[in-house]
Each structure stands twice: as structure tokens, then as C-alpha cells.
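The lines below spell out each chain.
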Amino acid sequence: MKKRRQQRHQTSTYTLLHELQSSATEPLPMGFRTHQLNRMWGGLANIETAETPTTDDWRVCSDAVNLMETLVAMGVVADEKKLLDDAVTALADAGRRYIEHGTIRLDATGMQAVRAVLEDYAEVIAVLPARTMVRCHRITERWVRDIQMGKRRPHDVV
């Protein structure tokens, strides 16, 4: 008898229903924004200064960068500072460093790029409609799942 390969199904944070029920004019609720930004800023602070930053610290920073990349791809915001690619590269390098040496660290240029993207993300999440942000989350989650399944675009970084 053949064993079935167990598939890991990731649940989405948001569904289409969430998107449709979100405000088309008001930003996400302040409590949500504060919680999300606190986690992202805390993750960056830990990567910069903690004795042993965790993969969760790296992930929340990567989430912010991925969300900004999606917003740029959606045409909602522009990468005027041109730091998005630098932030993606810096986090990818930090991930590789973790795999090779067991520690997650950013170099000075990477810290500046990630910090700038987080600052931009904090600005846009305060003003963009909740529906736009929920759509952004849905697109980003789909994109990350595709990367994990091996479906990559030419510029994707794993």
C-alpha cells in the first residue's frame, strides 16, 4: 500500500470575505496597526541588538518588506527611496547567515534599508484603506505560498 504524502495546508490570515467587509475609506483599526508595527519594530530591534535574535524577529521584518513590495507591485505606493531591493537583499543575506552560522544579523546598510522600509510601511498603513491593506495581505500570502511551493518569479529571493 502506498503511503500518502501529507500536505501542509497553510491557512490564510484573510479571505475574500474579509477584504469585501473591510472599509474602502478608513484605515485598519488603530489596535491592529499598533500591534503589527510593534512586532515589526521589535523584530528589527532584536536583530540589531539582541544577543540571539529569533527567526520570528526575522519573519516579522520580512513580512513588512514583503507587504511593501506587494503595495509597490499593486501600484499603490512608489519606492521613491529605492531601498526595497536593498531591504530584500539584506533580509535574504541575514537568512543565509542564520542557516550557515546560526545567527541572524543585518549589516549597517541592511539595517538602514530595512528601517527605511518599516518607516514607509508605518506611514502607508496609517492612511491606506483597510480594504487595500487586506487585499495586500492576501496577495502577499499567496505570493509567499507560491515561493514555498517552488513557483518563483525571476526576481524572487528565497
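Residues numbered from 1 in each chain as written. Predicted model: local features only at pLDDT ≥ 70, side-chain atom pairs only at ≥ 80, totals over all residues. Heavy atoms only, no water.

Engineer: Pulling in residues and values, what's your account of the overall build of the chain?
Structural biologist: Helix and strand content of the chain: six helices and zero strands. In the chain, the order of α-helices and β-strands from amino to carboxyl end is α-α-α-α-α-α. Buried positions account for 37% of the 158 residues belonging to the chain. Long-range contacts, defined as pairs at least 24 residues apart, comprise 71% of the intrachain contacts of the chain with a sequence gap of at least 6. On the chain, roughly 10,100 Å² of surface is accessible, and the fraction owed to carbon and sulfur atoms is 52%. (Helix = DSSP H or I, 4+ residues; strand = E, 2+ residues; numbered from the N terminus. Buried < 20%, exposed > 50% of the residue type's maximum accessible area, 1.4 Å probe, protein only. Contact = heavy atoms within 4.5 Å. Areas by Shrake-Rupley, 256 points an atom, 1.4 Å probe, with all protein chains shown as cover.)

Engineer: Quick one: what's the story with the nonpolar core, residue by residue and with numbers?
Structural biologist: Ranked by internal contacts, the top residues of the largest apolar core, which has 34 residues, are Met68, Leu71, Leu106, Val114 and Tyr121. Those elements giving two or more residues to this core turn out to be helix 2 (30–49), helix 3 (55–73), helix 4 (84–101), helix 5 (108–127) and helix 6 (130–148). Excluding residues within four positions of it along the chain, Met68 makes contact with Val77, Leu84, Val117, Asp120, Tyr121 and Val124. (Core = buried A, V, L, I, M, F, W, Y, C linked by side-chain atoms within 4.5 Å.)

Engineer: Run through the packing of helix 3 against helix 5, naming residues and quoting values.
Structural biologist: It is at 9 Å that the axes of helix 3 and helix 5 come closest, and there the two elements cross at 65 degrees. Relative to helix 5, the crossing made by helix 3 is left-handed. Residue-level contacts link Cys61, Ala64, Val65, Leu67, Met68 and Leu71 of helix 3 to Val114, Val117, Leu118, Asp120, Tyr121 and Val124 of helix 5. Here the residues of the contact of helix 3 with helix 5 are counted per class, giving eleven nonpolar, no polar and one charged. (Axes fitted to C-alpha atoms, helices over the stretch in contact; angles between N-to-C directions. Left-handed = near helix turned anticlockwise from the far one by under 90°. Nonpolar A, V, L, I, M, F, W, Y, C, P; charged D, E, K, R; others polar.)

Engineer: How would you summarise the pattern of salt bridges if you had to cite specific residues and measurements?
Structural biologist: Tallied over the entire structure, the rule returns five salt bridges. Residue Asp56 pairs with Arg39 through a salt bridge whose shortest N-O separation is 3.0 Å. With Asp56 in helix 3 and Arg39 in helix 2, this pair connects stretches of sequence that are 17 residues apart. The class of Arg39 is partly exposed, set by a relative accessible area of 35%. Here Glu48 makes a salt bridge to Arg115, at a shortest N to O gap of 2.8 Å. On the criterion of sequence distance, the pair formed by Glu48 in helix 2 and Arg115 in helix 5 is long-range, its members being 67 residues apart. Because the salt bridges share partners, they merge into one network encompassing Arg39, Asp56, Arg59 and Asp63. (Salt bridge = Lys/Arg side-chain N within 4 Å of Asp/Glu carboxyl O.)

Engineer: Tell me about the confidence of the model for the chain, residues and numbers included.
Structural biologist: In the predicted model, the chain carries a mean pLDDT of 86, and the fraction of residues at 70 or more is 84%. Note on residues 1–7: pLDDT is under 50 here. Beyond four places in sequence and across chains, it has zero contacts. (pLDDT = per-residue confidence, 0-100.)

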